[in-house]
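Structure at a glance
Each chain is listed here by its residues.
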Amino acid sequence: MARARRSRAGLQLLGDTKPAALASIADAWVDHTHPLVQRAAVAAICEPRLLRDPRMASLALDACERATRHLVTREPEERKTPDSRTLRLALGYCWSVAVAADPTHGLPAFAALDTDDPDVAWIVTQNSRKKRLSCLLDS
């Protein structure tokens, strides 16, 4: 886990100076077959300081949507693995960051999530509890 934190922090530092490079990496990694690589992509791009740029905010929303789609297409048994759970946990935080950065596009995307799926319902519940999102949902 420490290595994952260092990777995320390293990618975020890259995003501070070379946002296009981070965008390219996150865009590629979010479609990787391994859930921890997808998690790294989402966690790296969903950093509030990086999302002041509208292009990065848009990428963060796209990454959350794609990673969520990848999670729900996994077989039920595979969703129970620690790696898939780690991705789900990241999505339980990152959606609210991405939506708060671009509420105009983020709120409709968040509202469109399929809460009939138990993992997606959990992700929606977790994000809805975050103050940065709950204040947007209440308005």
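Worth saying up front: this structure is predicted, and the values here are computed from it rather than measured. (Residues numbered from 1 in each chain as written. Predicted model: local features only at pLDDT ≥ 70, side-chain atom pairs only at ≥ 80, totals over all residues. Heavy atoms only, no water.)

Attention now moves to the state of the cysteines. Tallying each qualifying case throughout the model produces zero disulfides. No disulfide involves Cys46; its nearest neighbouring cysteine sulfur is the one of Cys64, lying 3.7 Å away. (Disulfide = S-S within 2.5 Å.)

On to the pattern of salt bridges, then. Once the charged atoms of two side chains with opposite charge are near each other, the side chains can pair. Taken as a whole and judged by the stated rule, the model has 11 salt bridges. One salt bridge in this structure joins Asp53 and Arg55, with 2.9 Å as the shortest N-O distance. We classify Arg55 as exposed; its relative accessible area is 65%. Arg85 is the salt-bridge partner of Asp119, the closest N and O atoms lying 3.5 Å from each other. In this pair, Asp119 is assigned in helix α8 (residues 118-128) and Arg85 in helix α6 (residues 82-101), connecting sequence segments 34 residues apart. Judged by its relative accessible area of 7%, Asp119 is buried. For Arg85, a relative accessible area of 33% gives the class partly exposed. A single network of salt bridges, built from pairs that share partners, joins Arg79, Arg85, Arg88, Asp117 and Asp119. (Salt bridge = Lys/Arg side-chain N within 4 Å of Asp/Glu carboxyl O. Buried < 20%, exposed > 50% of the residue type's maximum accessible area, 1.4 Å probe, protein only. Helix = DSSP H or I, 4+ residues; strand = E, 2+ residues; numbered from the N terminus.)

For the rest of this paragraph, the subject is the packing of helix α7 (residues 103-111) against helix α9 (residues 131-138). Contact geometry of α7 with α9 gives a least axis separation of 12 Å together with a crossing angle of 85 degrees. If you check the angle between α7 and α9, you find them roughly perpendicular. In contact with Pro103, Leu107 and Phe110 of α7, α9 contributes Leu133, Leu136 and Leu137. Looking at the contact of α7 with α9 residue by residue, the class counts come to six nonpolar, no polar and no charged. (Axes fitted to C-alpha atoms, helices over the stretch in contact; angles between N-to-C directions. Parallel < 35°, antiparallel > 145°, perpendicular 65-115°, else oblique. Contact = heavy atoms within 4.5 Å. Nonpolar A, V, L, I, M, F, W, Y, C, P; charged D, E, K, R; others polar.)

The nonpolar side chains of soluble globular proteins are, as a tendency, buried together. Ranked by size, the top nonpolar core spans 33 residues in total, and within it Val42, Ile45, Cys46, Cys64, Leu91, Trp95 and Phe110 carry the most contacts. Broken down by element, the residue count for this core peaks at nine residues, all from helix α4 (residues 54-72). If sequence neighbours within four positions are ignored, Phe110 has contacts with Trp95, Val99, Val124, Asn127, Ser128, Leu133 and Leu137. (Core = buried A, V, L, I, M, F, W, Y, C linked by side-chain atoms within 4.5 Å.)

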